[in-house]
Amino acid sequence: METVQATASTLASEEPSEFYIPATTSVLETRPRTLKHGDTFAVFDHQGDIAGAQRGSEGLFHNDTRYLSRLELTLDGHRPLLLSSNLSNDNATLTVDLANPDIERDGRIILSREKIHILRTKFLWRSGCYERLAIRNFDRMPQSVRVTLRFAADFVDLFEIRGSRREHRGIKQAKRVGDDAIEIRYRGLDACERVTQIEFAPTPTTLSEDAACFDLSLGPGARAQIFLTVRCDVKRDAKRGEFFVAMRDARRAQRAATRHFALVDSSSEILNLIVCRSISDLYMLITDTPQGPYPYAGIPWFSTAFGRDGIITALQLLWLDPTIAKGVLRFLAATQATKTDPESAAEPGKILHETRRGEMALLGEVPFRLYYGTVDATPLFVLLAARYFERTGDVETIVALWPHIVAALRWIDSYGDADGDGFVEYPVWDGKGLRNQGWKDSADSIFDEAGNFAEGAIALCEVQAYVYAAKRGTGAIARALGDAATATRLAREAEALRLHFEQAFWCEELGTYAIALDGDKRPCRVRSSNAGHVLFGGIASPERAARTAATLLGRESYSGWGVRTLAASEPRYNPMSYHNGSVWPHDNSLIALGFARYGLKQEALRLFAGMFNAIEYMDLQRPPELFCGFDRRRDKAPTLYPVACAPQAWASGAPLAFLESCLGLVCDRARNEIRFERPVLPASVDELRIRRLRLGDGEIDVLLRRHQSDVAVIVLRRRGDVRVVVVN
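Rules and cut-offs
- Residues numbered from 1 in each chain as written.
- Predicted model: local features only at pLDDT ≥ 70, side-chain atom pairs only at ≥ 80, totals over all residues.
- Heavy atoms only, no water.
- Helix = DSSP H or I, 4+ residues; strand = E, 2+ residues; numbered from the N terminus.
- Rg over C-alpha atoms; globule rule 2.2 N^0.38 Å.
- Buried < 20%, exposed > 50% of the residue type's maximum accessible area, 1.4 Å probe, protein only.
- Pairing = 2+ DSSP bridges.
- Axes fitted to C-alpha atoms, helices over the stretch in contact; angles between N-to-C directions.
- Contact = heavy atoms within 4.5 Å.
- Phe/Tyr/Trp six-rings, centres within 6.5 Å; stacked < 30°, edge-to-face > 60°.
- Patch = residues over 30% accessible without salt bridge, like charges linked within 9 Å, V, L, I, M, F, W, Y side chains within 5 Å.
- Areas by Shrake-Rupley, 256 points an atom, 1.4 Å probe, with all protein chains shown as cover.
- Salt bridge = Lys/Arg side-chain N within 4 Å of Asp/Glu carboxyl O.
- Core = buried A, V, L, I, M, F, W, Y, C linked by side-chain atoms within 4.5 Å.
- Expected span 1.5 Å × (residues − 1).
- Bend = angle between axes of the 7 residues up to and from the residue.

Participant: Lay out the overall build of the protein in plain terms, naming residues and giving numbers.
Facilitator: A tally of helices and strands in the protein yields 17 helices and 34 strands. Taking 2.2 N^0.38 as the reference for a compact globule, 728 residues should give roughly 27 Å; the C-alpha atoms of the protein span a radius of gyration of 27 Å, in line with that estimate. Along the longest, intermediate and shortest principal axes, the C-alpha atoms of the protein span 80 × 65 × 50 Å. Looking at the protein as a whole, 59% of its 728 residues qualify as buried.

In structure tokens form, the structure reads like this:
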């Protein structure tokens, strides 16, 4: 009875963690439209408005602060009718078509609907949001209309929107700056002054501290334009025609950013849309840092540099554009911890978890200014360095990174393995920061077969696989750099870890690996998607890899759309949870890469096909951060998750990693060859073309053509000395 009562108590609803994202409405209800450039992003509703306080995630944000909390357009006091709302294929612009509703006065319709058309065009550039309203009268009669734009800036920290409560805030003041501009200033408790500047052209008929009104007289067929510019902490320096100049510059920068990227198209229109959207989303999320390009994690909650997310995204993109990996490695090396700081969970050699620049982070109200509370980013950093070197042979970059790689390895063997048992653990939670420090970092995500939370220092199964792959890969780097002794030592350590891991984590009765060992070294015998990352790291024996794959694709774990984070038979399973039964595209893409590593190509293809079908149903063919893990039902769409980020970098990278896994694509700079190992294609894709695939100084275009169960590889163009090898 005592055991039953204890288990029941652990299965009851727990208090959410301090960093839980609350939701009283679903972001899906408003079909949000997102734009991003650099450290600025915007979330609009489908009409291009910002409702702010009513829908908390909407707004114009810069450096984790909301600089515009309201922007609502009305026509003669009425909200226009929505005709269409579309992001351009490259994510550079949002266009919204609107029309007037029926407008009454004294019980009589004075303007019938759909006579006045408004085209809103919006984009972000250099900490500013640019908008043009193109207005046209399609009536055969002249019309006089009032266009009103109501606005506000609350300077709320992103963590406040996520649910953090603050007793005190800074001081805000708004004032007119001439007849065509408003300036709203906020002096925070951190002594930083943040400024929103709102400029209009032409000069509004009336302008107040919260609204601009334009009285327009439009003859039949007549047109008018209104321009709006919102700047975040940028001095006003408006120029005539600035909207068009900024749009041109933004598009040029977008084209320049993608110049290294290989191009993919296929015979499947849906796959083409998915790939196009994924690439566009990734390059919207990629931000230039002093160290190079870095993919910010996701909008709206994670538009900043995350170590784990950036590394995994770089791994997903490595075959298409290794310059992203170079930027990620250099940024994380520059922010690598050099001293111990319990407040930020920093230890010498440890790799960053996340960084924030909002008021709450600068004041220490949240610990994320530079936060290192992650156990997997450090081995993943070393793993990415090794795979980047294999992909590019870039000795110069690796030599520059070598002290940071050595420091990371030293952290793995010391702070990461504080008890010396050979496994990397994260420490006992002290009530600060994140309780769980793997990619499943929800407070309730790591537990044993009875549903009891794992206590003590926890060793996650996937982290050991990352360490194994990191040491093997670094051994190859050391050998290439002429350090045979280090190469031998790392190979020996990796093999010892593999043997120890197999003994401690394998669960014969489950046919998979335990999700973790708790502080008493007891395995948490839970079937989870984490075991798929074990295959990605290559630490599993071939026989156990095949059994793990079968378990992951079994009815309890595979929803029909993808592998669930947690099998349906486990005690904390909830298909609507964040980490205990949901389906994550990036998680599935790493599992597919793990399947491919062991030659399980049909299994990888099954994952790709399920996720491909799921993304077909998604708005804009954009894979979200996650979706619910309910079983797939005939002719029904997957069930969406209410507060999922979209776009999310590693979700956007997932379709590209699925392609890599199914094509068996290996770019080997040491041999100067591009290999296709037992390539397969989904049944709906007859042909797939890859153009501008670079290796060293060489470049190829290839066509893959499916013939029933076989795929032929045809070289269409070759430049330089690069070989193409097909392994059947």
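Participant: Give a detailed account of the side chain of S69, specifying residues and quantitative values.
Facilitator: Tracing the chain through its elements places S69 in the loop between β4 (65-68) and β5 (70-75). The buried category is assigned to S69, whose relative accessible area is 8%.

Participant: Describe the sheet that holds strand β13 (residues 171-176), and please don't skip the residues or the numbers.
Facilitator: Backbone-to-backbone hydrogen bonds join strands into a sheet, with any given pair of strands oriented parallel or antiparallel. Pairing in this open sheet of eight strands is antiparallel, and the strands run β6-β7-β10-β11-β18-β15-β14-β13 from one edge to the other. The two strands at the open ends of the sheet, each matched to only one other strand, are β6 (81-87) and β13. In this sheet, neighbouring strand axes are inclined to one another by 15° on average, regardless of whether the strands run parallel or antiparallel. As defined by bridge partners, strand β15 (residues 193-201) adjoins strand β18 (residues 223-232) across six bridges and the pair is classed as antiparallel. Bridging across to β18, F200 finds its partner in L228. The strands that helix α3 (residues 242-257) touches are β10 (116-125), β11 (128-137) and β18; relative to β10, the one it contacts most, it runs at about 55°.

Participant: Which residues make up the side chain of T34, and what values do they have?
Facilitator: Summarising the element assignment, T34 is placed in strand β1 (residues 33-37). Of the residues examined, T34 reaches a relative accessible area of 3% and is grouped as buried. Not counting the four nearest positions on each side in its chain, T34 is found in contact with A42, V43, L87, M284, I299, R622, A646 and P647.

Participant: Can you explain the packing of aromatic side chains? Please cite residues and give values.
Facilitator: Under the criterion given, the structure shown has 27 aromatic pairs. Aromatic pair F261 and Y283: ring centres 5.2 Å apart, planes at 80°, arrangement edge-to-face. Of the two residues, F261 is situated in the loop between α3 and β19 (263-266) and Y283 in helix α4 (residues 269-285); the sequence distance between them amounts to 22 residues. Each member of the pair, F261 as well as Y283, is classed as buried.

Participant: Please provide a residue-by-residue account of a nonpolar patch on the surface, values included.
Facilitator: Residues V395, V399 and L481 make up a contiguous nonpolar surface patch of about 220 Å² in total accessible area. Structurally, L481 is set in the loop between α10 (461-480) and α11 (484-505). For L481, a relative accessible area of 36% corresponds to the partly exposed category.

Participant: Explain the nonpolar core to me, and be specific about the residues and the numbers.
Facilitator: The nonpolar side chains of soluble globular proteins are, as a tendency, buried together. One finds W319, F381, F595 and L688 to be the most contacted residues of the largest nonpolar core, which totals 162 residues. Residue contacts for F381: discarding those within four places in its chain leaves I311, L329, L332, A333, I351, H404, I405 and A408. In terms of nonpolar packing, the next biggest core, distinct from the first, is built from 44 residues, L98, I118, A224 and I226 among them.

Participant: Can you explain the sheet that holds strand β17 (residues 211-218)? Please cite residues and give values.
Facilitator: As summarised here, the arrangement of the four strands in space is β5-β12-β17-β16, forming an open sheet in which the pairing is antiparallel. If you trace the sheet from one side to the other, it starts and ends with β5 and β16 (206-207), each paired once. Strand direction decides the pairing type here: β5 and strand β12 (residues 143-152), joined by six bridges, are antiparallel. Within the sheet, the bridge partner assigned to L71 lies in β12 and is F151.

Participant: Can you tell me about the pairing of strand β20 (residues 286-289), naming the residues and giving the values?
Facilitator: The two faces of a sheet get side chains in turn, since along a regular strand they alternate between them. By the bridge criterion, four bridges tie β20 to strand β21 (residues 292-295) in an arrangement that is antiparallel. Opposite T289, over in β21, you have G292 as the bridge partner. Between β20 and the antiparallel strand that follows it, β21, lie two residues.

Participant: Lay out helix α9 (residues 395-413) with the relevant residues and their values.
Facilitator: The end-to-end C-alpha distance of α9, which contains 19 residues, comes to 25 Å, matching closely the 27 Å that a straight helix rising 1.5 Å per residue would cover. Most pronounced at L401, the bend in α9 amounts to some 50°, and the proline P403 follows within four residues. Buried residues of α9: T397, I398, L401, I405, A407, A408, L409, W411 and I412, and no others. Contact partners of the buried residues in α9: α6 (322-334), α8 (377-392), α10 and α11.

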